[in-house]
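Each chain is listed here by its residues.
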Amino acid sequence: MKTGRLLFFWALILAALIPAKAFAQSDASSQQTQELRKELEEMRSQMVKMQARLDQLESANAQPSAIQPETKAAALPTPQEGTIETKNPLPQGPTSPQVGEQTSTYQEYSEDNLAAPRYRNVPTDPKYHGFFYLPGTQTMLKIGGYAKTDVIYDLRQAGNSDEFVTSSIPVPQVGGVNNSTVSIRPTRLSLDFRIPSKFWGEARFYFEGDLFGSNATTPRLRHAYGQAGNLLIGQTFSNFMDPDASPDTLDFEGPNGYVNLRNPQVRYGFALNRNTTFYFAVEKPSSDVAFKTPQFSAQPNTPAPDGTVHIRTEFGRGHVQLAAIFRDIAAFLPSGQTGDVFGWGINATTALRTFGKDTFILGAAYGHGISRYIQDTSGLGIDAEVADNANPHLKATPALGLEIAYQHYWFRALRSSLVYGYAAVDNTNFVPTPPATFNPFSHSNYSAVNLIWNPIGSLNVGAEFLYGGQILKDGSFAYAPRIQFSAKYSFVRTGYENY
């Protein structure tokens, strides 16, 4: 009995201990579960953050980053296949204080500022409007240019029927002769290639042509150059020229005193400070000498290439540029000897934003033997002449070119420009005996006023009145008025035009 009670007592104790132990194990398990759940949530949060970071890195690799002017490495886009449609978004182009706001936004009818080389190939449009990736490559391409038609009417003989070249106006004029023409020769096509490079930042290859060849609509090459970093090789605007100081005219020629020449060259530049650059170039020479005597025709030669330098400062409202040129001009003289003369020149230009979008342009060039580089005297054969009859040595002729223009916006879609130009050459005392020939040009004047309207998209139409003439060495002269109407449609619609 006593033993049974003892067994019963131990059974009750065991029964009481077993649930307590189970409950203790249950509480411990619940606590561990909560801790595991907490750790799992923390791991999931970390995974989400890691996935977001991975997506961000993959997105950055798929889109090329902006190529800063001083950055050599650049992210490259993912190649696309089978279409010229841009699947990858275009990069944000680099900007630089070396290309100011006025330089980037200045509008002129000939669009020469789009073809001009820039410091480290910084685009005037950082958003690359009109560019697309070539299929399967990292190369961007823009097919540019425009279709332009000029309707021209001359109230007197004006010489060149497609361009207002004051040095071509005949002296004397035949009275009562009018002339009209319709020309599509200013129409041009351009190809602008941009290639990212880890070393150079961005390389550019630019090609452009128009229809001012030898015949009425023969194609003519204007630009063909490549630039990587600040090294340029090919044909483009002379380093002695300032393409951003080109007045806004419907006339294809522009003011007679403007320095304007596209020349094969090798050019290199570097920054002097944040806003100032210095460039030097070796350019194709050409001794523009063409005097003749009854027994002799000048035979020019080029002992050395032309050397050019320019220094340029950019700021938000415009720029200032000072350029210099050094030349070696040579030709065979009537005596049978070779004449060799040193030529030099300076060209100072500026374009300044005044009120609103209005722009003031001023340019002046002076030198000896630089007629080839001045708009209306180029090709006249008067870089150098025989000094005089008694002492027949070669002499570089002093030359002066001047341009001044003001562009005014009446409102966003309507603008006007008032333009004046002057060109002069100080001829020598050499007077060949007839029937010898020489160019008797002394000086000329050019003036223009226009009204240009952008009614819709990239269509621009305008009217212009031109008046100018030339004065010869003997004092005789001739002047001619011209009326011109033009319509131009740019092939690339950038989104900046009026609608």
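Residues numbered from 1 in each chain as written. Predicted model: local features only at pLDDT ≥ 70, side-chain atom pairs only at ≥ 80, totals over all residues. Heavy atoms only, no water.

Here we take up the overall build of the chain. Broken down by element type, the chain carries 3 helices and 23 strands. Sorting the 499 residues of the chain into buried and exposed places 47% on the buried side. In the chain, once contacts between residues fewer than 6 apart in sequence are set aside, the share between residues at least 24 apart is 67%. For the chain, the accessible area works out to roughly 24100 Å², and carbon and sulfur atoms hold 62% of it. (Helix = DSSP H or I, 4+ residues; strand = E, 2+ residues; numbered from the N terminus. Buried < 20%, exposed > 50% of the residue type's maximum accessible area, 1.4 Å probe, protein only. Contact = heavy atoms within 4.5 Å. Areas by Shrake-Rupley, 256 points an atom, 1.4 Å probe, with all protein chains shown as cover.)

All right, on to the environment of Trp 344 then. Positionally, Trp 344 belongs in strand β15 (residues 338-353). Looking at Trp 344, the relative accessible area reads 30%, which means it is partly exposed. C-alpha of Trp 344 to C-alpha of Ala 324: the two residues are 20 residues apart in sequence and 7.4 Å apart in space. Apart from the residues within four sequence positions on either side, Trp 344 is in contact with Ile 325, Phe 326, Tyr 366, Gly 367, His 368 and Ile 370.

Further remarks concern unusual backbone geometry. The omega torsion of the bond from Val 171 to Pro 172 falls at 0°, within 30 degrees of zero and hence cis. Structurally, Pro 172 is set in the loop between β2 (140-154) and β3 (179-183). Positive phi outside glycine occurs at Arg 120, with the angle close to 50°. Of note, Arg 120 is situated in the loop between α3 (112-115) and β1 (132-133). Under the relative-accessibility criterion, Arg 120 is labelled buried at 18%. Of note, the phi angle at Tyr 128 is positive, near 55°, even though the residue is not glycine. Mapping Tyr 128 onto the fold places it in the loop between α3 and β1.

In this model, the chain carries a mean pLDDT of 85, and residues with pLDDT of at least 70 account for 81%. Note on residues 1-26: pLDDT is under 50 here. Beyond four places in sequence and across chains, it has 0 contacts. (pLDDT = per-residue confidence, 0-100.)

The subject of this paragraph is the pattern of salt bridges. Tallied over the entire structure, the rule returns 21 salt bridges. Across the pair Glu 111 and Lys 488 runs a salt bridge whose closest N-O atoms are separated by 3.0 Å. Residue Glu 111 is located in the loop between α2 (101-105) and α3, and its partner Lys 488 is located in strand β23 (residues 477-490); the two are separated by 377 residues in the primary sequence. Judged on exposure class, the residue Glu 111 and its partner Lys 488 are both buried. The salt bridge partner of Arg 118 is Asp 244, with a shortest N-O separation of 2.7 Å. Of this pair, Arg 118 sits in the loop between α3 and β1 while Asp 244 is found in the loop between β7 (231-237) and β8 (262-271), placing the two residues 126 residues apart along the sequence. Each member of the pair, Arg 118 as well as Asp 244, is classed as buried. Ionic contacts of the salt-bridge type, sharing partners, join the residues Asp 112, Arg 188, Glu 208, Asp 210, Arg 220 and Arg 222 into one network. (Salt bridge = Lys/Arg side-chain N within 4 Å of Asp/Glu carboxyl O.)

Okay, the environment of Arg 415 next. Mapped onto the fold, Arg 415 is located in strand β20 (residues 414-425). The spacing of Arg 415 and Gln 107 is 308 residues in sequence and 9.9 Å in space, taken between C-alpha atoms. What Arg 415 contacts, discounting residues up to four positions off in sequence, is Gln 107, Glu 108, Tyr 109, Asp 248, Gln 407, His 408, Tyr 409, Trp 410, Asn 450, Leu 451, Ile 452 and Asn 460. A polar contact of 2.6 Å, which involves the side chain of Arg 415, links it to the side chain of Asp 248. (Polar contact = N/O pair within 3.5 Å; in protein donor to acceptor, adjacent residues only side chain to side chain.)

Turning next to the nonpolar core. Counting 23 residues, the largest nonpolar core has Phe 240, Val 259 and Tyr 373 as the members making the most contacts within it. When residues of this core are traced back to their parent elements, those giving at least two are β7, β14 (318-332) and β20. When neighbours within four sequence positions are excluded, Tyr 373 is seen to be in contact with Ser 238, Phe 240, Tyr 258, Val 259, Asn 260, Leu 261, Asn 263, Glu 283, Lys 284, Asp 306, Ile 325 and Arg 327. Within the second largest apolar cluster, 14 residues are counted, among which are Ala 158, Phe 164, Val 419 and Leu 466. (Core = buried A, V, L, I, M, F, W, Y, C linked by side-chain atoms within 4.5 Å.)

Our next topic: the pairing of β8. With 7 bridges connecting them, β7 and β8 associate as antiparallel partners. In the strand pairing of β8, Ile 233 is matched with Val 266. Here β8 runs beside strand β9 (residues 276-283); their pairing, made up of 7 bridges, is antiparallel. Residue pairing across strands places Gly 269 opposite Tyr 279, the latter belonging to β9. The turn linking β8 back onto β9 is made up of 4 residues. (Pairing = 2+ DSSP bridges.)

Relative to the helices and strands, Ala 271 is located in strand β8. A residue is classified by how much of its surface remains accessible, and Ala 271, at 34% relative accessible area, is partly exposed. Residues Ala 271 and Arg 312, spaced 41 residues apart in sequence, show a C-alpha to C-alpha distance of 9.6 Å. With near-sequence residues (within four places) excluded, Ala 271 lies in contact with Gln 98, Tyr 119, Thr 276 and Thr 277.

With respect to the helices and strands, Thr 359 occurs in strand β16 (residues 359-368). At 3.5 Å, the side chain of Thr 359 forms a polar contact with the backbone oxygen of Lys 357.

Another point: the side chain of Asp 376. Take Asp 376: it is sitting in the loop between β16 and β17 (384-386). The side chain of Asp 376 is buried and forms no salt bridge, while Arg 482, the nearest opposite charge, is found at 10 Å. The residues touching Asp 376, leaving out its near neighbours within four places in the chain, are Phe 164, Val 165, Thr 166, Ser 167, Glu 253 and Asn 256. (Lys, Arg positive; Asp, Glu negative; His and termini not counted.)

Moving on to the pairing of β20. Among the 12 residues that make up β20, 9 are buried, leaving the element largely enclosed by the rest of the structure. Hairpin remark: strand β19 (residues 398-411) followed by β20, antiparallel, with 2 residues in the connecting loop.

A separate point is the packing of aromatic side chains. Two aromatic rings are characterised by how far apart their centres lie and by the angle between their planes. Counting across every chain of the model gives 12 aromatic pairs. Pairing Tyr 128 with Phe 131 gives two aromatic rings, centres 5.3 Å apart and planes at 85°, and the pair type is edge-to-face. Of the two residues, Tyr 128 and Phe 131, neither departs from the other in class, the shared state being buried. Ring centres of Phe 326 and Phe 342 lie 6.5 Å apart, and the angle between their planes is 20°; this geometry places the pair in the stacked category. Of this pair, Phe 326 sits in strand β14 while Phe 342 sits in strand β15, and the two are 16 residues apart along the sequence. Among the residues examined, Phe 326 registers a relative accessible area of 41% and is labelled partly exposed. Residue Phe 342 is classed as exposed on the basis of its relative accessible area, which comes to 51%. (Phe/Tyr/Trp six-rings, centres within 6.5 Å; stacked < 30°, edge-to-face > 60°.)

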